[in-house]
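Here are the chains, one letter per residue:
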Amino acid sequence: QEQLVESGGGLVQAGGSLRLSCAASGRTFSSNIMGWFRQAPGKEREFVATISRGGGSTAYADSVKGRFTISRDKAKNTVNLQMNSLKPEDTAVYYCAAAGGDYRLKYKSNEYAYWGQGIQVTVSS
């Protein structure tokens, strides 16, 4: 069964760092655009970052640009999100996702076909 599983979340103080990982199982996602989204309580799910098939192209939401870095390790079939200079407003459940379709980077949740179960990130002030 195709599955994405996130790890690395937790509680951190403002200004700290966390590294999220997304491990794929059941199939390889090396040919898929991958992305990270997040959802805070009472808010809609929002785009965080996306990465191309080869890993050479990335894009970020303005709110995380310069602080977060998305990367992928094809050999390990994983996608990572390095989060630095964390702020309380980064508190959310973070989701890893894989998109079908063409090679273009994708920013909308409805463009992604596979989703992880989500992992909590809490940033205290």
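See the structure printed just above.
First, a word on scope: everything that follows refers to the structure included in this document.

The rules behind the values
Residues numbered from 1 in each chain as written. Predicted model: local features only at pLDDT ≥ 70, side-chain atom pairs only at ≥ 80, totals over all residues. Heavy atoms only, no water. Helix = DSSP H or I, 4+ residues; strand = E, 2+ residues; numbered from the N terminus. Buried < 20%, exposed > 50% of the residue type's maximum accessible area, 1.4 Å probe, protein only. Contact = heavy atoms within 4.5 Å. Polar contact = N/O pair within 3.5 Å; in protein donor to acceptor, adjacent residues only side chain to side chain. Pairing = 2+ DSSP bridges. Axes fitted to C-alpha atoms, helices over the stretch in contact; angles between N-to-C directions. 1 Å grid on protein atoms, 1.4 Å probe; cavity = no way out; pocket = protein on both sides within 12 Å on 5 of 7 lines; lining within 4 Å. Points joined across faces, edges and corners; volume = space filled by probe spheres on them. Disulfide = S-S within 2.5 Å.

In this structure, Asn80 sits in strand 8 (residues 78-83). Given the relative accessible area of 8%, Asn80 is considered buried. Considered as a pair, Asn80 and Leu20 are 60 residues apart in the sequence and their alpha carbons are 5.5 Å apart. Among all residues touching Asn80, those that are not within four sequence positions of it are Arg19, Leu20, Ser21, Trp36, Thr69, Ile70 and Ser71. A distance of 2.8 Å separates polar atoms of two side chains, one belonging to Asn80 and the other to Ser21.

Here 4 strands make up an open sheet; going across it, the order is 1-3-8-7 and the pairing antiparallel. Of all the strands in the sheet, the pair left with one neighbour each is strand 1 (3-7) and strand 7 (68-73). Looking at each pair of strands side by side, their axes are set apart by 15 degrees on average, direction ignored. As judged from the 6 bridges shared by strand 3 (residues 18-25) and strand 8, these two strands associate in the antiparallel manner. Bridge pairing links Ser21 to Asn80 in strand 8.

A few words now on empty space enclosed by the protein. Within the structure shown, the criterion is met by 1 cavity of 30 Å³ or more. The computed volume of the largest cavity comes to approximately 60 Å³. Around the largest cavity, the lining residues are Cys22, Ala24, Phe29, Ser30, Met34, Arg72, Asp73, Lys74, Asn77, Thr78 and Val79. When residues of the lining of the largest cavity are traced back to their parent elements, those giving at least two are strand 3, strand 7 and strand 8.

Applying the stated criterion to the full structure yields 1 disulfide. Covalently, Cys22 is tied to Cys96 through a disulfide, its sulfur atoms 2.0 Å apart. Taking the sign of the S-S torsion, about -75 degrees here, the bridge from Cys22 to Cys96 comes out left-handed. Linking Cys22 in strand 3 with Cys96 in strand 9 (residues 92-99), this pair joins segments that are 74 residues apart in sequence.

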